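What follows is the residue order along each chain.
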Amino acid sequence: MSAAQSQTTLLSKLEALQCHFTWGLDPSKTNFLRLRDMLVDIGTEEGTRWLGHIYNLRGFIQYKLGLTEDAQSFFNKAAEAFRQMRKADDGPWLAVNYGNLAWLHHHLGDQAESEAYLSKVEALMKKYPSPSQDELHPEIYAEKAWTLMKFSADRALVSDYFQKAFRMQPDMVEWNTSHIMALSGFYEDCDTGMEADILEKMRVAKEQDPENLLLAVYYLERRAKKGERVEDEARELAENVLRNPVSSYNGMKALLRVYRNYVSIDEAVDLAEKALEQHPDVRYLKRCAALTLKWKIFHSSPPKQSMVDRAISLHEEVISLSPDCPLATKIDLASIYAKSNHTKAEQMYQELLKSDLEPADKQLLYNTYAKYLNYDRQDQNKSLKYHMKAAAIPHQSYFRGNSIEVLRKVKNTRWNPMCREIQEFLENLQEP
């Protein structure tokens, strides 16, 4: 076989693998950086059920960011995490990891090492075939589902993959929990019959996986939406969350949302501050505390200056600790500045408007800046211009819909001097 034929054969084998390099995970660099921060917030405490998956994904992200040495280090950590978690030197849970290493060495030009990992994948699949001949191995379904979920993939597909994995390997209760949570997210608003079915599935999953605090919070929130009083349970759950290691998977942020909506914003602020007192250097908890103060500020008229100062300080800390944090965090800071310092707020908005942003982020920024111009600066015409900028971006989102709704209302009043311009704009607006 010629060298060219050998290379073609190797590439076809690589493309047939099930791993991060073949799952179509190709968002922008900005989203990779944010995802990296999100994985850090999950934590790497020993015993974290998804530790191998976390390291595999972090390795792939580092590769996409051009940090190949870091990528190999994380892939090696993933293999070790799987061995420790499963208490075995090899098993089907290593198939995705070996696939990643085969691709990494191929990209590094080390074809012999790439072929060695391909052989390891083939050996694993022969030794541990899928229980269902026409389907992937459950370990692969589970890791693929978990990974796709981090990329805001189709929740129904994610739920289906977890369900298939659990059906073939029913001792892995966390797969069923993830299936139910993905299903719950997909059917956020549904009819009474479907709602009752999801609640029952969540109740059973909670019994099977009693240590999963995130599931417990989601179940509580779902019941609260139905009208149940959950204040006492929320406070009890908060004590449990505070006793556990810090992780975004322990449900703090979701629990604060329950407090805001069904207990009180003041208690949400107190809970976040209490958690931060226990772990003053944890960025994730700083962000939680900053979030609750933002809620409090926008529900107070007028807010206390001390509260505004504390919120500004926390937001600035979060941004300094994570310069690649979501744009929404930086917009929140500008919005809080607008409560006491219009000059600083305008300066921040102008800096953001000059930055290089993805279309979806531009849309968010234009919509938010338009509201700031209207409500805080009383400059309606300039506000409408920015609503038009948000609506013109062909990306379907809440912010685009909101800007279009504002423009339609103004157009229908017919007293604004921009009515004709807005009418022509809406008539010529392209749908995404």
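Everything that follows concerns the structure shown earlier in this document.
Residues numbered from 1 in each chain as written. Predicted model: local features only at pLDDT ≥ 70, side-chain atom pairs only at ≥ 80, totals over all residues. Heavy atoms only, no water.

(A) Layout of the overall build of the chain. Secondary structure assignment for the chain yields 22 helices and 0 strands. Projecting the C-alpha coordinates of the chain onto the three principal axes gives extents of approximately 75 × 55 × 45 Å. Taking all 432 residues of the chain together, the buried fraction comes to 50%. In the chain, of all internal contacts separated by at least 6 residues, the share reaching a separation of at least 24 is 60%. For the chain, the accessible area works out to roughly 21,400 Å², and carbon and sulfur atoms hold 47% of it. The average position of the 56 basic charges and that of the 62 acidic charges among the side chains of the chain differ by 5 Å. (Helix = DSSP H or I, 4+ residues; strand = E, 2+ residues; numbered from the N terminus. Buried < 20%, exposed > 50% of the residue type's maximum accessible area, 1.4 Å probe, protein only. Contact = heavy atoms within 4.5 Å. Areas by Shrake-Rupley, 256 points an atom, 1.4 Å probe, with all protein chains shown as cover. Lys, Arg positive; Asp, Glu negative; His and termini not counted. Charge placed at Lys NZ, Arg CZ, Asp CG, Glu CD.)

(B) Examining the nonpolar core more closely. Formed by 72 residues in total, the largest nonpolar core has its most connected members in Met 252, Leu 255, Leu 256, Tyr 259 and Leu 271. Looking at this core element by element, the count peaks at 9 residues for helix α15 (residues 283-297). In terms of nonpolar packing, the next biggest core, distinct from the first, is built from 51 residues, Leu 17, Phe 21, Ile 42 and Tyr 161 among them. (Core = buried A, V, L, I, M, F, W, Y, C linked by side-chain atoms within 4.5 Å.)

(C) Fine view of the environment of Phe 21. Counting through the fold element by element, Phe 21 comes out in the loop between α1 (3-15) and α2 (29-42). Note on Phe 21: relative accessible area 17%, which makes it buried. Counting along the chain gives 237 residues from Phe 21 to Val 258, while the straight-line C-alpha distance between them is 38 Å.

(D) Spatial organisation of α15. Here α15 spans 21 Å end to end across 15 residues, near enough to the 21 Å set by a 1.5 Å rise per residue. The element α15 is extensively covered by neighbouring structure, given that 13 of its 15 residues are classed as buried. (Expected span 1.5 Å × (residues − 1).)

(E) The arrangement of the packing of helix α21 (residues 398-413) against helix α22 (residues 419-427) in detail. At a closest axis distance of 9 Å, the pairing of α21 and α22 adopts a crossing angle of 130°. Relative to α22, α21 is oriented oblique. Read as a crossing pair, α21 and α22 show a hand that is left-handed. Along the contact surface, α21 presents Ile 404, Leu 407, Arg 408, Val 410, Lys 411 and Thr 413, while α22 presents Cys 419, Ile 422, Gln 423, Phe 425 and Leu 426. For the contact of α21 with α22, the residue count by class is 7 nonpolar, 2 polar and 2 charged. (Axes fitted to C-alpha atoms, helices over the stretch in contact; angles between N-to-C directions. Parallel < 35°, antiparallel > 145°, perpendicular 65-115°, else oblique. Left-handed = near helix turned anticlockwise from the far one by under 90°. Nonpolar A, V, L, I, M, F, W, Y, C, P; charged D, E, K, R; others polar.)

(F) Examining the environment of Ala 81 more closely. When you line up the elements, Ala 81 lands in helix α4 (residues 68-86). Here the alpha-carbon distance between Ala 81 and Trp 50, two residues 31 residues apart in the chain, equals 9.1 Å. The residues contacting Ala 81, other than those within four sequence positions of it, are Leu 51, Gly 52 and Tyr 55.

(G) Structural view of the packing of aromatic side chains. For the coordinates displayed, the defined rule picks out 17 aromatic pairs. With 5.4 Å between their ring centres and 35° between their planes, Tyr 141 and Tyr 161 make a pair best called tilted. Here Tyr 161 lies in helix α8 (residues 155-168) and Tyr 141 lies in helix α7 (residues 138-150), a separation of 20 residues in the sequence. Note on Tyr 161: relative accessible area 13%, which makes it buried. Ring plane angle 45° and centroid distance 5.0 Å describe the contact between Tyr 349 and Tyr 369, whose orientation is recorded as tilted. Here Tyr 369 lies in helix α19 (residues 359-375) and Tyr 349 lies in helix α18 (residues 342-354), a separation of 20 residues in the sequence. Across the pair, exposure class does not vary: Tyr 349 and Tyr 369 are buried alike. Looking at Lys 389, its charged tip hangs above the ring of Tyr 366, at a distance of 5.5 Å from the centre. (Phe/Tyr/Trp six-rings, centres within 6.5 Å; stacked < 30°, edge-to-face > 60°. Lys NZ or Arg CZ within 6 Å of the ring centre and 35° of its normal.)

(H) Inspection of the pattern of salt bridges at higher detail. Under the defined criterion, the tally for this structure stands at 31 salt bridges. The residue Arg 36 makes a salt bridge to Asp 324 at a minimum N-O spacing of 4.0 Å. With Arg 36 in helix α2 and Asp 324 in the loop between α16 (305-321) and α17 (327-337), the pair connects residues that are 288 residues apart, well separated along the chain. One salt bridge in this structure joins Lys 201 and Asp 197, with 3.4 Å as the shortest N-O distance. Here Lys 201 and its partner Asp 197 are both found in helix α10 (residues 192-208), 4 residues apart, which amounts to about one turn of the helix. For Asp 197, a relative accessible area of 34% corresponds to the partly exposed category. (Salt bridge = Lys/Arg side-chain N within 4 Å of Asp/Glu carboxyl O.)

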